[in-house]
Amino acid sequence: PLHTLIASMAFRDDKLWAVVGCRGADGQPQILQASVSLSNAETREREVRGAMAAMAEVGTRAATIVTLYERDTIETDVGAITVEPAWRWMLGADWAGT
């Protein structure tokens, strides 16, 4: 996870305008976002909408949103979004015992 490259996304008028796609160590496109919390419905909707737009743009069916404490999986029409606490993401799935 620490070696994962982060995609840069630009928004105009609350719509995804550009994505600079990046690839992780496995060569696959990686979508990674960070938010303190997804407990606020408006924030959750914004972050999920952004992840979905980026997934569609770079052609991947997976994304990760890193938060302070929350852990979840959000199934969408374009793929699955994994929500991970920052400590777990930094240590990596192998160590954390997925």
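Draft legend 1. Up close: a nonpolar patch on the surface. Taken together, the side chains of Val36, Leu68 and Tyr69 present a nonpolar region at the surface, about 380 Å² in accessible area. Residue placement: Leu68 occurs in the loop between β4 (62–67) and β5 (72–76). A relative accessible area of 42% means that Leu68 is categorised as partly exposed.

Draft legend 2. Quick look at the sheet that holds strand β3 (residues 32–34). Pairing is mixed across the open sheet formed by four strands, whose spatial order is β3-β4-β6-β5. Two strands in the sheet have a free side with no partner beyond their single neighbour: β3 and β5. Across the sheet, the mean angle separating the axes of adjacent strands is 20° when strand polarity is ignored. As paired elements, β3 and β4 share three bridges and run parallel to each other. In the strand pairing of β4, Gln33 is matched with Ile65.

Reading the values: rules and limits
Counting of residues starts from 1 at the beginning of each chain's written sequence and follows it residue by residue. In keeping with the predicted nature of the model, local features appear solely for residues at pLDDT of at least 70, side-chain atom pairs appear and are counted solely at 80 or more, and the whole-chain, interface and lining totals rest on all residues. Only hydrogens and water are set aside when side-chain values are computed; all heavy atoms of the structure are taken into account. By definition, no residue in a patch forms a salt bridge, and every one has over 30% relative accessible area; like charges are joined within 9 Å, nonpolar side chains (Val, Leu, Ile, Met, Phe, Trp, Tyr) within 5 Å. Computed with the Shrake-Rupley method and a 1.4 Å probe, the accessible areas treat only the protein chains shown as cover for residues. Salt bridges are counted wherever a side-chain nitrogen of Lys or Arg sits within 4 Å of a carboxyl oxygen of Asp or Glu. Only DSSP runs of H or I reaching four residues or more are called helices, and only runs of E reaching two or more are called strands; each is numbered from the N terminus. Relative accessibility under 20% of the residue-type maximum defines a buried residue, over 50% an exposed one, and the middle range a partly exposed one, all with a 1.4 Å probe and only protein chains included. Whether two strands pair comes down to DSSP finding at least two bridges between them. Only the stretch in contact is used when a helix axis is fitted, and all axes are lines through C-alpha atoms; the angle between N-to-C directions ranges over 0 to 180 degrees.

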